[in-house]
Amino acid sequence: MGGLKVLMLAAEAAPLVKVGGLGDVVGALPVALRRMGMDVRVMLPDNGLRVADEYKVRRLDAGVLAWGGRSERVTVRCLKVNGCLHYLVGGRPIAHDGKVYGADMVGDAPKFVFFALAAMRVAERLLFQPDVLHVHDAHPGAALYWLGTVGRHHRFWQGTAGVLTIHNLAYQFNGAADALKDGGLEPGVDVRIPAYARSGLLALGIANADYVNTVSPTYAREIRMAVQGAGLQKLLRAQRTRVSGILNGLDGSVWNPARDAVIAAEFDVRRLARRKLNSSALRTELRLPAAAGPLFALVARLDWQKGLDLVVGVAPQLHALGAQLVVLGSGSRDIGKQLQALARAHPGSVAVRLGFDEALARRIYAGADVVLVPSRYEPCGLTQLIGMRYGAIPLVRCTGGLADTVLDVASNARGTGFVFGKYTVPALARAVRRACKLFGTPLAWRAVQVRAMQADFSWKPAAKQYAELYANAVRARRRGNAA
Ligand code: ADP
Ligand code: GLC
């Protein structure tokens, strides 16, 4: 697969843009693929985001895109991140407000459809003819729709295979018909897609990709079922052989407690005792008193997905067990308010910080004892992986990628955490009690910590599987073109 040319389109890529795990993944995967000899370029929407001074930015002329009966100028800022070329693609329909996602499709549909179609023009302009167009999630889905329809008659793009990675099936970006029309695309008519999603960016992406994957094997199975399929299960089942699960990795150079400038004391498995310094510094920072019980932590987008109602429900029991809780999150205002009320009700045992704060997140992973991930569903989940790497034991619900990454200490001698099944407060409370009990036996706790820290979640195996996926997609495209 060396020499393969891959164009990745996404709404986020760390360290430039990050709202959640999508940013982590699109930050790390291109680097891992480049190590395998591929030429990977990443394109992101340019919403006017500030680029740190350490990057050398070049502006490129990218011409115009036909849009809504007129010509819109396409702007490009080009920079190298971790050795990989990134292009920030902008234009009038992409507001310069620094916002990655807006409140609704009124602004987001034109923004992402324009981005997706402009990105294709930029690639042509650069004479970067990719073997694979790799789209992440719904946002750039119009690029796959264009490739699968208009692009098939376009010499430059005829040989390009389309791959879609679903990071979250719930964000479908439906109702983009007007924006698609502005970009010269007719809204979809694919009968495998439910009527409400026919002009949805995710559904069109899935229907037009040569291969589709999601970010864990369990989530790949779950989304073929009605409960998790979010209405697209029929379409996904129709593509069955072409929908696989590739478990995300974790970039060990980005997430490394032995080299993390923002934590109080760097540590590793051999210097695990130093971790205590992080715990006490964190408690001081959060104004939580010293305590004999464990400190539970949750770092997440405040979203229905993340199971925060269970956390609110279990808080009195945490308190009764002498445990403490910190939540760091940004997103839904309502959930934020409920959490703030919880902190007021339990001063000294619950701390809540609202907002996106990368440094605080790191100090939490380094100082908390347990990372909670009680999600309703979780395509992969990265906070349990980061927690493990930083010696915070994960307590997760058995769903999606959580089920694929955490082994329960009760059922497995090589266990790395605590897993509960039912989405109920009592089920979570039972797991919390087990965690508190084990925390009371320091030697046993330490053994789990060491196993968790040594668990291998490097990107290498995932990169290999993506290479295979690309090879399959390229073969399928060749067959498709020959037919
Ligand atoms: P999702 O992608 O669904 O948001 P993941 O677990 O895959 O969930 O990834 C979340 C990523 O975002 C992790 O890197 C986590 O540390 C980070 N994160 C989430 N919320 C915040 C926040 N409020 N401040 C800082 N980092 C956050
Ligand atoms: C999504 C999912 C999360 C996953 C991340 C990166 O946002 O919610 O489970 O880890 O994407 O793939």
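Structure: above.
For clarity, every value in this text was computed on a predicted model and none was experimentally measured. (Residues numbered from 1 in each chain as written. Chains lettered and ligands numbered in written order. Predicted model: local features only at pLDDT ≥ 70, side-chain atom pairs only at ≥ 80, totals over all residues. Heavy atoms only, no water.)

**What about the pairing of strand β4 (residues 70-81)?**
Applied cut-off: Pairing between two strands is assigned when DSSP locates at least 2 bridges connecting them. Strands are runs of DSSP state E lasting at least two residues, helices are runs of H or I lasting at least four, and both sets are numbered from the N terminus onward.
Pairing between strand β3 (residues 58-67) and β4: eight bridges, direction antiparallel. Looking at β4, one finds that Val 64 is bridged to Arg 73. Between β3 and β4, which pair antiparallel in sequence order, lie two residues; one of them, Gly 68, sits at a positive phi of approximately 55 degrees. Both β4 and strand β5 (residues 84-90) contribute to a ladder of seven bridges, which runs antiparallel. Bridge assignment links Cys 78 to a residue of β5, and that residue is Tyr 87.

**Things to note about the site of ligand 1**
Note the cut-off: The cutoff for a nearby residue is simple: one of its non-hydrogen atoms must lie within 4 Å of the molecule or strand. Counting of polar contacts relies on pairs of N or O atoms within 3.5 Å, with two restrictions inside protein: one atom must be capable of donating a hydrogen and the other of accepting it, and residues adjacent in sequence are counted only when both atoms are side-chain atoms. In this description, accessible areas are obtained by the Shrake-Rupley approach with a 1.4 Å probe, and a residue is regarded as covered only by the protein chains that are shown.
With respect to spatial proximity, 24 residues lie near ligand 1, and among them Gly 21, Asp 24, Arg 301, Lys 306 and Tyr 365 are the closest. Contact between ligand 1 and Gly 355: a nitrogen atom at 2.8 Å from a main-chain N or O atom of the residue. In this structure, a nitrogen atom belonging to ligand 1 sits 3.0 Å away from a main-chain N or O atom of Asp 357. Here ligand 1 loses 93% of its free accessible area of 560 Å² to cover by the protein chains.

**A word on the site of ligand 2**
Taken together, 14 residues lie around ligand 2, and His 167, Asn 248, Glu 378, Cys 380 and Gly 381 are the ones closest in. Within the side chain of Gln 305, an N or O atom sits 3.0 Å from an oxygen atom of ligand 2. The separation between an oxygen atom of ligand 2 and a polar side-chain atom of Glu 378 is 2.5 Å. Alone, ligand 2 offers 310 Å² of accessible surface; in the complex the protein occludes 94% of this.

**Let's talk about the sheet that holds β4**
Rule in force here: To obtain each axis, a line is fitted to C-alpha atoms, and for helices this fit is confined to the stretch in contact; angles are then taken between N-to-C directions over 0 to 180 degrees. The contact rule is simple, with two residues in contact once any of their heavy atoms fall within 4.5 Å.
Read from one edge to the other, the open sheet built from nine strands follows the order β3-β4-β5-β2-β1-β6-β7-β8-β9, with strand pairing classed as mixed. Of all strands in the sheet, those bounded by a partner on one side alone are β3 and β9 (243-245). Between one strand axis and the next, the sheet turns through 25 degrees on average, direction left out of account. Sheet contacts for helix α1 (residues 21-35): β1 (5-9), β2 (39-45), β5 and β6 (132-136); angle to β2, the most-contacted strand, approximately 160 degrees. Of the strands in this sheet, β1, β2, β3, β4, β5 and β6 touch helix α2 (residues 105-125), which is tilted by about 115 degrees from β3.

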